[in-house]
Protein chains: 2
Amino acid sequence: MLKHHVREMLQKRVGGQNYLDAPEDLICYSYDATLSETRPEAVLLPESTAQVSEIMKIADRESIPVTARGAGTNLSGGSIPQNKGIVLAFTRMNRILEISKKNRLAVVQPGVVNGHLQVELSRQGLFYPPDPGSLNVSTLGGNVAENASGLKGAKYGVTRDYLLGLTVVLADGRIIKTGGRTVKNVTGMDLTSLFCGAEGALGIITEITLKLIPQPEAQRSIQASFADLDAAGHTVTHIISSGILPVALELMDSTTINLIEDYTRFGLPRDAAGLLLIMVDGAKESLGRQVDRIKAICREQGAERIKVANSPEENDALWEARRNQFAVMTRARPTCIVEDMTVPISDLPAMILAIRKIAEKYDLLIACTAHAGDGNLHPHFLTDKSDPEEWRRVKAAEAEIVNKAAELGGALSGEHGIGMAKTEYMDLFLHRDSRRIMGEIKKVLDPKGILNPGKWL
Amino acid sequence: MLKHHVREMLQKRVGGQNYLDAPEDLICYSYDATLSETRPEAVLLPESTAQVSEIMKIADRESIPVTARGAGTNLSGGSIPQNKGIVLAFTRMNRILEISKKNRLAVVQPGVVNGHLQVELSRQGLFYPPDPGSLNVSTLGGNVAENASGLKGAKYGVTRDYLLGLTVVLADGRIIKTGGRTVKNVTGMDLTSLFCGAEGALGIITEITLKLIPQPEAQRSIQASFADLDAAGHTVTHIISSGILPVALELMDSTTINLIEDYTRFGLPRDAAGLLLIMVDGAKESLGRQVDRIKAICREQGAERIKVANSPEENDALWEARRNQFAVMTRARPTCIVEDMTVPISDLPAMILAIRKIAEKYDLLIACTAHAGDGNLHPHFLTDKSDPEEWRRVKAAEAEIVNKAAELGGALSGEHGIGMAKTEYMDLFLHRDSRRIMGEIKKVLDPKGILNPGKWL
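Rules used throughout
- Residues numbered from 1 in each chain as written.
- Chains lettered and ligands numbered in written order.
- Predicted model: local features only at pLDDT ≥ 70, side-chain atom pairs only at ≥ 80, totals over all residues.
- Heavy atoms only, no water.
- Pairing = 2+ DSSP bridges.
- Helix = DSSP H or I, 4+ residues; strand = E, 2+ residues; numbered from the N terminus.
- Axes fitted to C-alpha atoms, helices over the stretch in contact; angles between N-to-C directions.
- Contact = heavy atoms within 4.5 Å.
- Parallel < 35°, antiparallel > 145°, perpendicular 65-115°, else oblique.
- Left-handed = near helix turned anticlockwise from the far one by under 90°.
- Nonpolar A, V, L, I, M, F, W, Y, C, P; charged D, E, K, R; others polar.
- Buried < 20%, exposed > 50% of the residue type's maximum accessible area, 1.4 Å probe, protein only.
- Least-squares fit on C-alpha atoms with pLDDT ≥ 70 in both.
- Domains from an automatic or database assignment.
- Buried area = accessible area lost by both parts, 1.4 Å probe.
- Salt bridge = Lys/Arg side-chain N within 4 Å of Asp/Glu carboxyl O.

Peer 1: Any chance you could explain the sheet that holds strand β8 (residues 163-169) of chain B here in plain terms?
Peer 2: By definition, the strands of a sheet pair up through backbone hydrogen bonds, in either a parallel or an antiparallel sense. Residue and element names in this part refer to chain B. Read from one edge to the other, the open sheet built from five strands follows the order β5-β6-β10-β8-β9, with strand pairing classed as antiparallel. In this open sheet, the two strands that pair with only one neighbour each are β5 (96-100) and β9 (175-179). Averaged over all pairs of adjacent strands, the angle between their axes in this sheet comes to 10°, without regard to strand direction. Both β8 and strand β10 (residues 204-211) contribute to a ladder of six bridges, which runs antiparallel. Bridge pairing in β10 places G165 opposite T209. Lying on the sheet, helix α3 (residues 49-62) is in contact with β8, β9 and β10; it crosses β8 at an angle near 45°. Here helix α4 (residues 114-123) sits on the sheet and contacts β5, β6 (105-108) and β10; the angle it forms with β5, its principal contact strand, is near 35°.

Here's what the structure looks like:
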């Protein structure tokens, strides 16, 4: 519990109804989608940038840790209040402030759910591409703080690519605006990108201006199954090399396929060793050609069955099946750990092979899936943390997989962030001097270290 | 001149042939495309990252200012060695190290000319969109340092959107690598974006990994002339609102049209008050529809003549005429000053009107052109700096124009950088606290202030 006078001050700032510290409330804000859990001392639900500023002034004066939280879907412990203190939950700052077709932008509060914005935009023929698996729950504030991405990264990039500007409350309560309302803006350093992906450790994001693009005219989806997972991996490289830029190019192994089928009965081919789900979009006349070309490549690479979604309903069902992936994985065994490395696309087959061999070596169940079109792999360890012997094998296998990604010139995390879960591997991917620079930038922006402390930084 | 022992050390590091300090050499590296001029004490032409590191170690020890230079096409004084010292010219680090179709990336040295890379890529069906007006001369190192953009920003964004990773030599000679070879990478803070647009004030970029996209299948261009410049401006807003995303959407006023015609005889309509040049690209079957829709909007908005380029040659000639814009402007009168503000697209007509009124008020010749599709205006003051009375009017008009852009929520610079030329207006666009943060980040990375000193930072 916070000191009495601090509690009173904070309650006065946000109003009693927006200050929670009953045990049952604190528990709800003590975890995210990772395995860790730490109970905060208070949860505050600010309603405005001004309130966040007031809260940060108090937190700064009293040196209280502050962890910003969207929907708590984070997969690396980014939203866990590791050093206790205050959780700033953005549930009540969930308004879309502006959608401008003329300026191709939207201004949103951080608590807006990604999927809600998508629905509003599609009504106006507009499109905001980043779509993390959690899009129907996760908030844009969280998406920005983690530089989230999703299925459409291959063609449409990541959250950072759609940021025009931010309002940020600094650690001491001062408010700054970064960027602006235009795509081109070189007025000073790019602070917008610096706050993006910083996991709330440099400042609290309270308003977001997003670049939008017109909604693609049409899309088509293809499902290609392979008797050999490696062949599926090689097919990905061939599609990318061919000059087609698919919106999404997803790879699933047989474990994943069967788990999805166990729970959803979508009709995925249970006997396939590897499955590619491919989405193309663009001008409606061009889709037939793109689909034909991809089908031909799949066939050349040995695809056994190729199915093209022929209606919007079939298309949606296909991607719904894919979106259920994480949910079904978590049901398979008591513990599910998702890795998130990326490798250069041409190294995808090598990485997949390595994961399979490591799974065999340590006798573990690792379901291998990938946003293959952008080299982002999500091996899921399906395990049981309460079994110490198996858990030791999991940690050894994880280390080998991560080392392999480093060896291939990959990245430790593509979209889930570092948080706490991946701290131990940072030195494999980041040079000491780069980490030192990041640490010093952290000190510039958060000299007392009160913003999301206890994480990798 | 540098001290004798420093000169000897540096010559030993880069080789005598790569160390220039004859007056005639120093003059060549004393200016860029702005009006200022400062002679450096030595020009070094490094051949490798290791050499740059050695140079920086010496510069750090001896506290010698170092200004990195690409082709010196900068329009804001970014490459002028304002505090003398060393110019690091990247002429000899001009190799394309890798083009990978499979990984959709290129790795280049900073001295590679943008246009040279474009040619190499187009042979392989690949595309790197950022195309500053200077693309046939300017280098990718300079482009990254300024976060340059160009004609294609409306659809394809800016240099930063295509950066996967950098090799950077820090002020004290240490070498770091930022980012990597994948689109998704959230391993630590986004230092790549921090160095992009920092005008060489945070580190020296010695290697660049660029994201590539497939070359668009086809493109078409449209030229629409208007008897009224405001109508041309409003047409831009209507095109953007319509859901079409043109590759380029350029606006020219009558002064610009006539200057281009005086020198190039391309056949632009001399009697038009405003001209739009519009490029669309994509699947070949979709272009006819896009062109028809744009033509219809132009007609609705009162276009007098609409001409569609019917062959690749006509298309190229049209854009060649546009690319000559800056060159012809500089010939018109003794002095040419290019502004570079951006405003939200819907405010473009208001900004154009303001510029016209200000030109009238101060009795000045201001040729107004814009990358209108992304709100980036380039009013060119055609003037004579040697006439003190006219120059006073120029400065007063400039201040009014810049203030108007600030009032409309625009940016001081869209793509030319701040350098020295725009320093005086920074406070209109950047909050004191943002500037303070930038200043402190500068101190983290360049504690002695030897990297490109004397500029806005």
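From this point, the discussion proceeds with the structure in view.
Peer 1: What is the right way to look at the packing of helix α8 (residues 229-241) of chain B against helix α10 (residues 284-300) of chain B in this model?
Peer 2: Between two packed helices, both the angle of their axes relative to each other and the distance between the axes serve to describe the pair. Residue and element names in this part refer to chain B. Taken N-terminus to C-terminus, the directions of α8 and α10 make an angle of 140°; their axes are 9 Å apart at the nearest point. Put simply, α8 runs oblique to α10. Handedness of the α8/α10 crossing: right-handed. Contact residues: α8 offers T235, H238 and I239, while α10 offers I294, I297 and C298. In terms of residue class, the contact of α8 with α10 is built from four nonpolar, two polar and no charged.

Peer 1: Can you help me understand unusual backbone geometry in this one?
Peer 2: Across the chain, the bulk of peptide bonds are trans and the bulk of non-glycine residues have phi less than zero. Residues and elements named next belong to chain B. The phi dihedral of S63 falls on the positive side, at around 55°, and the residue is not glycine. By the element assignment, S63 lies in the loop between α3 and β3 (66-69). Even without being a glycine, E199 presents a positive backbone phi close to 55°. Given the relative accessible area of 7%, E199 is considered buried.

Peer 1: Help me out: how do you make sense of the relation of the copies chain A and chain B in this one?
Peer 2: Each of the two chain copies can be generated from the other by rotation about an axis followed by a shift along it. Rotating chain A by 180° and translating it 0.0 Å along the rotation axis places it on chain B, where the RMSD comes to 0.0 Å. Interpreted geometrically, this transformation is the action of a two-fold axis. When the interface residues of chain A are mapped onto chain B, 99% of them again fall at the interface, so both copies present the same face.

Peer 1: How do you make sense of the domain arrangement of chain A when you look at a structure like this?
Peer 2: Many descriptions give the size of an interface as the accessible area lost when the pieces come together. Residue and element names in this part refer to chain A. You can read the domains of chain A as domain 1 (4-91), domain 2 (93-214) and domain 3 (218-407). Here the C-alpha centre of domain 3 lies 28 Å away from the C-alpha centre of domain 2. Between domain 2 and domain 3, the residue contacts involve eleven residues of the former and twelve residues of the latter. The contact between domain 2 and domain 3 buries some 1000 Å² in all, and 56% of this surface belongs to carbon and sulfur atoms. Contact with domain 3 buries surface across domain 2, with L151, A154 and K155 losing the most and accounting together for 62% of the total. For the interface between domain 2 and domain 3, the tally reads two salt bridges. A salt bridge links D131 to R323; its shortest N-O distance comes to 2.9 Å.

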